[in-house]
Amino acid sequence: MNTQNKAADQDRVMIRVKNLTKYFDDNHVLRGINYEIRKGQKIVLVGPSGCGKSTFLRCLDMLEVPTSGEVWLDDVQVNSPKTDINKVRQKMGMVFQHFNLFANLTIMQNITLAPVKLKLMSQEEASEKALKLLRRVNLEDKADAYPHSLSGGQQQRIAIVRSLEMNPEVMLFDEPTSALDPEMVGEVLQVMTELADEGMTMVCVTHEMAFARQVASKVIFIDEGVIKEEAEPEEFFTHPKDPRLRDFLSKVLK
Amino acid sequence: MNSIVEQFNRAFIVNNRWTLYFKGLGTTIEVAFFAAILGIVIGTVACLANMAKRRNGKRPIFSWIAYAYIDVIRGTPTVIQLMIMWFVIMKNSTNGVLVASLSFGLNSGAYVAEIIRGGIQAVDQGQMEAGRSLGLSRTQTMMYVVLPQAFKNAFPSLLNEFITLLKETAIVGYVGMSDLTRVANQISTKTYQPFMPLVGAAVIYFVVIKVLTILFNKLERKLRESDNR
């Protein structure tokens, strides 16, 4: 690939969201969201609790089914009934607030289950790759441990590894540090920062404003089910325009 | 004093009567064993069918069948189910153990289905979401992640169900099978001394269930290894 093509590829729109709405019964959570995410971008979503930011994230890989609108990953419409959602999800990693490691499986089994059962890798290939990734997060000695024996920070790093094992094109993070004890937040954010530096496309819901400032290409403020503001981090934090965002930032930046 | 020894003799020793108890126990265990296996298989299938939903949230037809099966079995007496199986559905069969095992297996399956449903619902929703987010199908996540945890959750209740099942087989005397209970009853009508045969049968049931409980607890401890902190 020559440099020009590579640059074009870097700029490629990867995720396209068109007029996305979501109701939970009578509760209108998302009220029409339009957004495009380019390859390599790190998008950080912030907003008051209940604003719909997690729902938006979960709509991207259909853990929540949108009520209307379209979600596209490259040239595949994610929320079309004709799409094989399992194929799409192989390309989208998801990291959850509560880690959700498989409680009945060892760390190694947690990481290799999906690629092996989906016949993407042999058990040996998968194990080898898993060990490499575990070494990266300094947890290779935990390969045979069960999730319950690990700390929250360790579990979350392994959850990230479990997603990376699938070679995803984009990683979604749903408040990955919100359930952690304060002293463990740093170790998880560090892994995420490294991932960002390597060029991974990331969409991240978080309350860690320092992380947003440091890593984000764009920060999005969601409130009342719509995108109220979108800006580069410097602009976003120093010159917020929307009054609700100013109010929100005054509360979280103390 | 003498009469106690005498009673014991007449209940167990004379004519090698003790062998009859063990033959009866053999029948009891045979029926309970096959019924338990059948119950687990039918129960798991019925549970998954009962919980199945289409994309639009509606139940498919097989789900309604499973629902009706569980409903009917739980709503009618076991002894009537057994008699219907014996005198109506399989009246031409000469294999008593087969008919009884089928009947009790179908009965137990309905209860097992509900026990497993409870076990599945106790598994954190996040486990299914994590499996799905990696690209595994619902069925795959169910098989490798949710069901193993569900069975572990359901273990104490399943043991309970097997104990109940073993004791419930005592009603096969209704259709003329010679299980442990019926043998004890027959001997007591022969000797006119019901105390020894009935207490003897009770002791045998108790010992078998005690052994079963110990084995299950050992197995459960093994399954709980992944919970060790």
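Preceding block: the structure.
Residues numbered from 1 in each chain as written. Chains lettered and ligands numbered in written order. Predicted model: local features only at pLDDT ≥ 70, side-chain atom pairs only at ≥ 80, totals over all residues. Heavy atoms only, no water.

**Points about the overall build of chain B**
Point 1. On a plain count of helices and strands, chain B comes out with nine helices and zero strands.
Point 2. Listed N to C, the secondary structure of chain B is α-α-α-α-α-α-α-α-α in terms of helices and strands.
Point 3. Radius of gyration (C-alpha) of chain B: 22 Å, far over the 17 Å computed for a compact globule of 229 residues.
Point 4. Each principal axis of the C-alpha atoms in chain B carries an extent, and together these give about 75 × 50 × 25 Å.
Point 5. The 229 residues of chain B split such that 45% are buried. (Helix = DSSP H or I, 4+ residues; strand = E, 2+ residues; numbered from the N terminus. Rg over C-alpha atoms; globule rule 2.2 N^0.38 Å. Buried < 20%, exposed > 50% of the residue type's maximum accessible area, 1.4 Å probe, protein only.)

**Some details on the side chain of R58 of chain A**
Point 1. As for its position among the elements, R58 of chain A is in helix 2 (residues 53-60).
Point 2. At 2.6 Å, the side chain of R58 of chain A and the side chain of E129 of chain B are in polar contact. (Polar contact = N/O pair within 3.5 Å; in protein donor to acceptor, adjacent residues only side chain to side chain.)

**Side note on helix 6 (residues 152-164) of chain A**
Point 1. End to end, helix 6 of chain A covers 18 Å across 13 residues, agreeing with the expected 18 Å (1.5 Å per residue, within 8%).
Point 2. The element helix 6 of chain A is largely enclosed, with a buried count of 13 among its 13 residues. (Expected span 1.5 Å × (residues − 1).)

**Quick word on the interface of chain A and chain B**
Often, the extent of an interface is quoted as the loss of accessible area upon association of its parts.
Point 1. Taken together, the contact pairs 28 residues of chain A with 23 residues of chain B.
Point 2. Note on chain A versus chain B: buried area summed over both sides is about 2,200 Å², and carbon and sulfur give 57% of it.
Point 3. Together, F102, N104 and H148 of chain A form the three largest contributors to the area buried by chain A at its contact with chain B, with a combined 24%.
Point 4. Taken together, the connections running from chain A to chain B amount to one salt bridge.
Point 5. One salt bridge connects R58 of chain A with E129 of chain B, and the closest N-O pair in it is separated by 2.6 Å.
Point 6. Inspection of the region where chain A meets chain B yields seven residue pairs in polar contact (both at pLDDT 80 or more).
Point 7. Sort the elements by how many residues they give to the side of chain A that touches chain B and helix 3 (residues 85-90) of chain A lands first, with four residues.
Point 8. Split by residue class, the side of chain A that touches chain B holds 15 nonpolar, eight polar and five charged. (Contact = heavy atoms within 4.5 Å. Buried area = accessible area lost by both parts, 1.4 Å probe. Salt bridge = Lys/Arg side-chain N within 4 Å of Asp/Glu carboxyl O. Nonpolar A, V, L, I, M, F, W, Y, C, P; charged D, E, K, R; others polar.)

**Side note on the pairing of strand 10 (residues 226-231) of chain A**
Every other side chain in a regular strand lies on the same face of the sheet, so the side chains alternate between the two faces.
All names here are of chain A.
Point 1. In terms of strand pairing, strand 9 (residues 218-223) meets strand 10 through five bridges, oriented antiparallel. Bridge pairing in strand 10 places V219 opposite A231.
Point 2. Connecting strand 9 to the antiparallel partner strand 10 that follows it, the hairpin turn spans two residues, and E224 within it adopts a positive phi of roughly 55°. (Pairing = 2+ DSSP bridges.)

**Digging into the layout of surface pockets**
Point 1. Its boundaries defined by the atoms lining it, the largest pocket holds a volume of some 1,600 Å³.
Point 2. Of all elements in the fold, only helix 3 of chain A together with helix 2 (18-51), helix 3 (61-74), helix 5 (96-121), helix 6 (125-133) and helix 7 (138-168) of chain B reach the threshold of two or more residues within the lining of the largest pocket.
Point 3. Broken down by element, the residue count for the lining of the largest pocket peaks at six residues, all from helix 7 of chain B.
Point 4. Among the residues forming the lining of the largest pocket, the class breakdown is 22 nonpolar, eight polar and 16 charged. (1 Å grid on protein atoms, 1.4 Å probe; cavity = no way out; pocket = protein on both sides within 12 Å on 5 of 7 lines; lining within 4 Å. Points joined across faces, edges and corners; volume = space filled by probe spheres on them.)

**Quick notes on the state of the cysteines**
Point 1. Inspection of the entire model under this criterion finds zero disulfides over all chains.
Point 2. Cysteine C59 of chain A is unpaired, with the sulfur of C51 of chain A as its nearest cysteine sulfur at 13 Å. (Disulfide = S-S within 2.5 Å.)

**Some words on the sheet that holds strand 10 of chain A**
Hydrogen bonding along the main chain pairs the strands of a sheet, whether they run parallel or antiparallel.
Residue and element names in this part refer to chain A.
Point 1. On the basis of which strands lie adjacent, the open sheet formed by six strands has the order 6-7-8-3-9-10 and mixed pairing. The sheet is open, and its two borders are formed by strand 6 (92-95) and strand 10, each paired with just one other strand. The average undirected angle you get between the axes of adjacent strands in this sheet is 20°.
Point 2. Note that strand 3 (residues 42-46) and strand 9 share four bridges and pair parallel. Its bridge partner lying in strand 9, V46 is registered against F221.
Point 3. Here helix 10 (residues 243-252) sits on the sheet in contact with strand 3, strand 9 and strand 10, set at roughly 105° to strand 9. (Axes fitted to C-alpha atoms, helices over the stretch in contact; angles between N-to-C directions.)

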